[in-house]
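Chain by chain, the residues:
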Amino acid sequence: MLIDFFLSLKQHGLPVSVKEYLMLCEAMEKGVIHGSVDDFYHLSRICLVKDEANFDRFDRAFAAYFKGVESLAAVLPADIPEEWLKKLAERLLTEEEKAQVEALGGWDKLMETLKQRLEEQKGRHQGGSKWIGTAGTSPFGAYGYNPEGIRIGQEGSRNRSAVKVWDRREFRDYDDNVELGIRNIQLALRRLRKFAREGAEEELDMDGTIRSTANNAGYLELKLVPERHNKVKVLLFLDIGGSMDDYVHRCEELFSACKTEFKHLEYFYFHNFIYESIWRNNRLRHSEKFSTFDVLHKYGNDYKLIIVGDATMSPYEILQPGGSVEHWNDETGIIWLKRLTDLYRRAIWINPTPEAHWPWTQSIKMVRELMEDRMFPMTVKGLGEGMKALR
Amino acid sequence: MKFTGSQNYIATDDLKLAVNAAVTLQRPLLIKGEPGTGKTMLAEEVAAALGKPLLQWHIKSTTKAQQGLYEYDAVSRLRDSQLGEEKVKDIKNYISKGTMWRAFEADEQVVLLIDEIDKADIEFPNDLLRELDRMEFYCYETRETVVAKHRPIIFITSNNEKELPDAFLRRCFFHYIRFPDRNTMQQIVDVHFPGLKKALLKEAMEVFFDIREMPGLKKKPSTSELLDWIKLLVAEDIPPEALKSGDTNKLIPPMYGALLKNEQDVHLFEKLVFLAKRNR
Ligand SMILES: Nc1ncnc2c1ncn2[C@@H]1O[C@H](COP(=O)(O)OP(=O)(O)OP(=O)(O)O)[C@@H](O)[C@H]1O
Ligand SMILES: [Mg+2]
């Protein structure tokens, strides 16, 4: 059963590993929990999910797998680890009861009967409440498995809140696949910062060491200096004047919020697509143009290029000379984008359009190809992946 | 040996489960959550509840993994050798043991807190993989392998400033402390102020959660701010009525400076209150 559960998490796109799965098995075997599904929910989550951004996904996967199941027993088939059951029984039975079990044929007999009961129960599906036996009638009931046990009796379920933890979806806001908003902008910032700060190694300060050793009458005195941080230089190209303004603006804010973390961060604006001129100041768009060539010459190939735009337009705007909607462009958009990506080998495109819509827009497909697939949605996750691609 | 919360610390069921899993399986437990949700305190309370010594390793941006194991002071030794000191012959004199070493060599099981691991360099957690897994490491200088006599119970906290590497995460249990709901918060306050008047508590909680829900705050007040604030209210003998927002003149709760510490937040708050007053 555990394997199935594990695989279904994988199918839901959770990054679970075998190591963590074994950890869960070990915890079950060592009796960390005793059969309530709620406990199993928490235990499996602490073992398998290491990022609260994935909690919501886990909740959905869990709900799908355990739909309508109220007791672990119902999904545990005959191959429950024997050890686990033994521990369980040992814990829950008094000395007296244990003696009774012995009389019934000992532990093995108990286990066998329990397994059998589980099997039968699986076939029967007693109207939604999938419990094993009923207190008082089955030998298990008679031995009084108490409610905090595997809950073979019904007691445990009655006063439970109707809504399961995993159905409450309390971690929805932590999911990193939703669009950038006020709530998750902090997370996005952290990912950017992580990208901006590359290592903080210490290195030997040769000059300093020689100087201080000399001052020290020849006795060695090592001097260390922190390696330079903030090595990252970024060119940010933002598409403005369209339906995506809000998003683009948010992205701009995001970058300016961590401006100090970068060694250099330069902004430029364009409309729909990049041609021979771009702007530095959004408001002076018509008066203050910069030649794209000059920008290419000024900022060397140690810069990383981040283009933000919806890439949604008529294909002509990319393919044709004169395709621009605003002016006559002698050279096609393709040529300009190629010039950029040829120089800046580290380049990504961030697209605020929901990723699900991408395949339906021809121009997005074209840009994506031109960018060699390095187009990322404007979500925390997308940003994170984009930053990885920039390394 | 089971952790069931303590007199000073309110632990939710899922948190207790996480602690017990970590204790039973002797694997580290990684704790994340908003500031002030009791991450650091947890390790202290578990140590106290289980009657075990607590060793703490507070991580800073400059902390290196090696420092938790040991440090070899080559420079002093070099200097001593130039001065012809006797102790220079034994390298052990220049090895100073780190927190992990002390946890490993302890004669009884200890609780080890690695606090704010996200402050360090991103490589830091990766440098501790083997140590956390096998609970042993090799000291090159003295040519000995230090093996934990008793696997310590390890708590690691993070404020999410950096992401932690996957290989590291796979070795830990992970629990996220959610911000306490009203009920839990009430219990936490009870623990700190056992004799607090019901009416005052009710009004204070009302104000606190209202402020937390105010959009646009840079830093939402946390548990510790609530506790500080209540302490002030009690010290100044503020009556519960003074916290009721129904009273137009007292829209601003007394001593709210304890709740809002960021200047921008205070301004925002005052502005909103001002607007609310005017619209009455
Ligand atoms: N569950 C709780 N029970 C009792 N007191 C609590 C609880 N949670 C928080 N507190 C109170 O809040 C204070 C802050 O807790 P602590 O320093 O452990 O938080 P933290 O999560 O480590 O914060 P930070 O992220 O800032 O390091 C504690 O000293 C304690 O007084
Ligand atoms: Mg702390």
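Rules used throughout
Residues numbered from 1 in each chain as written. Chains lettered and ligands numbered in written order. Predicted model: local features only at pLDDT ≥ 70, side-chain atom pairs only at ≥ 80, totals over all residues. Heavy atoms only, no water. Helix = DSSP H or I, 4+ residues; strand = E, 2+ residues; numbered from the N terminus. Buried < 20%, exposed > 50% of the residue type's maximum accessible area, 1.4 Å probe, protein only. Contact = heavy atoms within 4.5 Å. Areas by Shrake-Rupley, 256 points an atom, 1.4 Å probe, with all protein chains shown as cover. pLDDT = per-residue confidence, 0-100. Phe/Tyr/Trp six-rings, centres within 6.5 Å; stacked < 30°, edge-to-face > 60°. Lys NZ or Arg CZ within 6 Å of the ring centre and 35° of its normal. Pairing = 2+ DSSP bridges. Axes fitted to C-alpha atoms, helices over the stretch in contact; angles between N-to-C directions. Near = heavy atom within 4 Å. Polar contact = N/O pair within 3.5 Å; in protein donor to acceptor, adjacent residues only side chain to side chain. Nonpolar A, V, L, I, M, F, W, Y, C, P; charged D, E, K, R; others polar. Buried area = accessible area lost by both parts, 1.4 Å probe. Salt bridge = Lys/Arg side-chain N within 4 Å of Asp/Glu carboxyl O. Core = buried A, V, L, I, M, F, W, Y, C linked by side-chain atoms within 4.5 Å. Expected span 1.5 Å × (residues − 1). Parallel < 35°, antiparallel > 145°, perpendicular 65-115°, else oblique. Left-handed = near helix turned anticlockwise from the far one by under 90°.

Caption draft 1: Expanded view of the overall build of chain A. Counting its regular elements, chain A contains 19 helices and nine strands. Looking at the 391 residues of chain A, the share that counts as buried comes to 50%. Excluding contacts between residues fewer than 6 apart, the proportion of contacts in chain A whose partners are at least 24 apart in sequence is 68%.

Caption draft 2: Structural detail: the overall build of chain B. The number of helices and strands found in chain B is 11 helices and nine strands. Out of the 280 residues in chain B, the part that is buried amounts to 49%. Restricting to contacts in chain B with at least 6 residues of sequence separation, those with at least 24 account for 74%. By element, 48% of the accessible surface of chain B is carried by carbon and sulfur atoms, the whole surface being about 13,800 Å².

Caption draft 3: Region of the structure containing the confidence of the model for chain A. Residue and element names in this part refer to chain A. Taken residue by residue, chain A gives an average pLDDT of 71. The fraction at 70 or more is 59%. Long-range and interchain partners of residues 74–80, a stretch whose pLDDT sits below 50, account for 18 contacts in this model, where long-range means more than four residues apart. Counted against residues more than four places away or in other chains, residues 121–162, with its pLDDT under 50, gives 80 contacts.

Caption draft 4: Just the packing of aromatic side chains, in detail. Evaluated as defined, the whole model comprises 27 aromatic pairs over all chains. Each ring, one from Tyr 138 of chain B and one from Tyr 140 of chain B, has its centre 5.1 Å from the other, and the planes form 85°; the classification is edge-to-face. Taking the relative accessible area as the measure of exposure, Tyr 140 of chain B reaches 61% and is therefore exposed. Among the aromatic residues, ring-to-ring pairing joins Phe 5, Phe 40, Tyr 41, Phe 58, Phe 62 and Tyr 65 of chain A into one connected group. For the cation-ring pair, Arg 280 of chain A lies above Phe 290 of chain A, with the distance from its terminal atom to the ring centre recorded as 5.8 Å. Arg 212 of chain B extends its terminal NZ or CZ atom over the ring of Phe 179 of chain B, reaching a point 3.3 Å from the ring centre.

Caption draft 5: How the structure looks around the sheet that holds strand S9 (residues 173–177) of chain B. Residue and element names in this part refer to chain B. Across the sheet, which stays open at both edges, the five strands sit in the order S2-S5-S8-S1-S9 with parallel pairing between neighbours. Edge positions in the sheet fall to strand S2 (54–58) and S9, since each has one partner strand and no second. The sheet shows a mean angle of 20° between the axes of neighbouring strands, taken without regard to direction. In the sheet, strand S1 (residues 29–33) pairs with S9 via five bridges, with the strands oriented parallel. Across the sheet, Lys 32 pairs through a bridge with Tyr 176, a residue of S9.

Caption draft 6: Region of the structure containing the site of ligand 1. Residue and element names in this part refer to chain B. In the vicinity of ligand 1, 17 residues are found, and the nearest of them are Ile 10, Gly 36, Lys 39, Thr 40 and Met 41. A distance of 3.2 Å is found between an oxygen atom of ligand 1 and a backbone nitrogen or oxygen belonging to Gly 38. A total of 640 Å² of accessible area belongs to ligand 1 in isolation, and the protein chains cover 79% of it. Elements with a contribution of two residues or more to the shell around ligand 1: helix H2 (39–50), helix H8 (182–192) and helix H10 (223–235). Considered class by class, the residues forming the shell around ligand 1 number six nonpolar, nine polar and two charged.

Caption draft 7: Spatial organisation of the interface of chain B and chain A. In this complex, chain B contributes 31 residues to the contact, which on the side of chain A involves 33 residues. Buried area between chain B and chain A, both sides added, is near 3,200 Å², and the carbon and sulfur share of it is 58%. Arg 27 of chain B is paired through a salt bridge with Glu 26 of chain A; the nearest N and O atoms lie 3.1 Å apart. Our count for the contact surface shared by chain B and chain A stands at six residue pairs in polar contact (both at pLDDT 80 or more). Residue assignment for the side of chain B that touches chain A shows that the elements contributing at least two residues are helix H1 (13–25), helix H4 (74–83), helix H7 (166–170) and S9 of chain B. Its residues assigned to classes, the side of chain B that touches chain A shows 13 nonpolar, five polar and 13 charged.

Caption draft 8: Summary view of the confidence of the model for chain B. For chain B, mean pLDDT is 88; residues scoring 70 or higher make up 95% of the total. Interface confidence for the predicted complex, expressed as ipTM, amounts to 0.85; the pTM equals 0.64.

Caption draft 9: A look at the nonpolar core. Ranked by size, the top nonpolar core spans 86 residues in total, and within it Leu 43 of chain A together with Phe 155 of chain B carry the most contacts. In this structure Phe 155 of chain B touches Val 19, Leu 29, Leu 42, Ala 43, Val 46, Val 111, Leu 112, Leu 113 and Ile 114 of chain B, once residues within four positions along its chain are discounted. Counting residues in hydrophobic clusters, the runner-up holds 53 residues, among them Phe 270, Ile 274, Met 313 and Phe 376 of chain A.

Caption draft 10: How the structure looks around helix H2 (residues 18–29) of chain A. Residue and element names in this part refer to chain A. Here H2 spans 16 Å end to end across 12 residues, near enough to the 16 Å set by a 1.5 Å rise per residue. Where H2 is concerned, the buried positions are Glu 20, Tyr 21, Met 23, Leu 24, Cys 25, Ala 27 and Met 28. Looking one or two places after H2, you find Gly 31, whose phi comes out positive at around 70°.

Caption draft 11: Geometry of the packing of helix H1 (residues 2–11) of chain A against helix H3 (residues 37–48) of chain A. All names here are of chain A. Remark: H1 packs on H3, axes separated minimally by 13 Å, with the N-to-C direction vectors making an angle of 60°. With respect to H3, the element H1 is oriented oblique. Once H1 is placed against H3, the crossing between them reads as right-handed. Of H3, the residues touching H1 (which contributes Leu 2, Phe 5 and Leu 9) are Phe 40, Ser 44 and Leu 48. Split into classes, the residues belonging to the contact of H1 with H3 amount to five nonpolar, one polar and no charged.

Caption draft 12: Examining the packing of H8 of chain B against helix H9 (residues 198–213) of chain B more closely. Residue and element names in this part refer to chain B. Look at H8 against H9: their axes get within 11 Å of each other, and the N-to-C directions meet at 125°. Judged by the inter-axis angle, H8 sits oblique to H9. H9 is crossed by H8, and the crossing has right-handed handedness. Between H8 and H9, the residues in contact are Arg 182, Met 185, Gln 186, Val 189 and Asp 190 and Leu 201, Met 205, Glu 206, Phe 208 and Phe 209, respectively. Grouping the amino acids of the contact of H8 with H9 by side-chain chemistry returns six nonpolar, one polar and three charged.

Caption draft 13: How the structure looks around the side chain of Arg 374 of chain A. Within the element layout of this structure, Arg 374 of chain A appears in the loop between helix H18 (362–370) and strand S9 (375–377). What Arg 374 of chain A contacts, discounting residues up to four positions off in sequence, is Arg 345, Ala 347, Ile 348, Trp 349 and Arg 368 of chain A.

Caption draft 14: Spotlight on unusual backbone geometry. If you check the backbone angles, Ala 311 of chain A has positive phi at about 55° while not being a glycine. Among the secondary structure elements, Ala 311 of chain A is positioned in the loop between strand S7 (303–308) and helix H16 (316–319). For Ala 311 of chain A, a relative accessible area of 0% puts it in the buried group. Positive phi, normally seen in glycine, also occurs at Arg 143 of chain B, with a value near 50°. Under the relative-accessibility criterion, Arg 143 of chain B is labelled exposed at 67%.

Caption draft 15: Fine view of the pattern of salt bridges. Under the defined criterion, the tally for this structure stands at 25 salt bridges over all chains. Put simply, Asp 373 of chain A and Arg 368 of chain A hold a salt bridge, and the shortest N to O gap is 3.3 Å. Close ionic contact of Glu 34 of chain B with Arg 212 of chain B constitutes a salt bridge, the shortest N to O distance being 3.2 Å. Residue Glu 34 of chain B is located in the loop between S1 and H2, and its partner Arg 212 of chain B is located in helix H9; the two are separated by 178 residues in the primary sequence. In the salt-bridge network here, residues are joined through shared partners; they are Lys 19 of chain A together with Asp 133 and Arg 171 of chain B.

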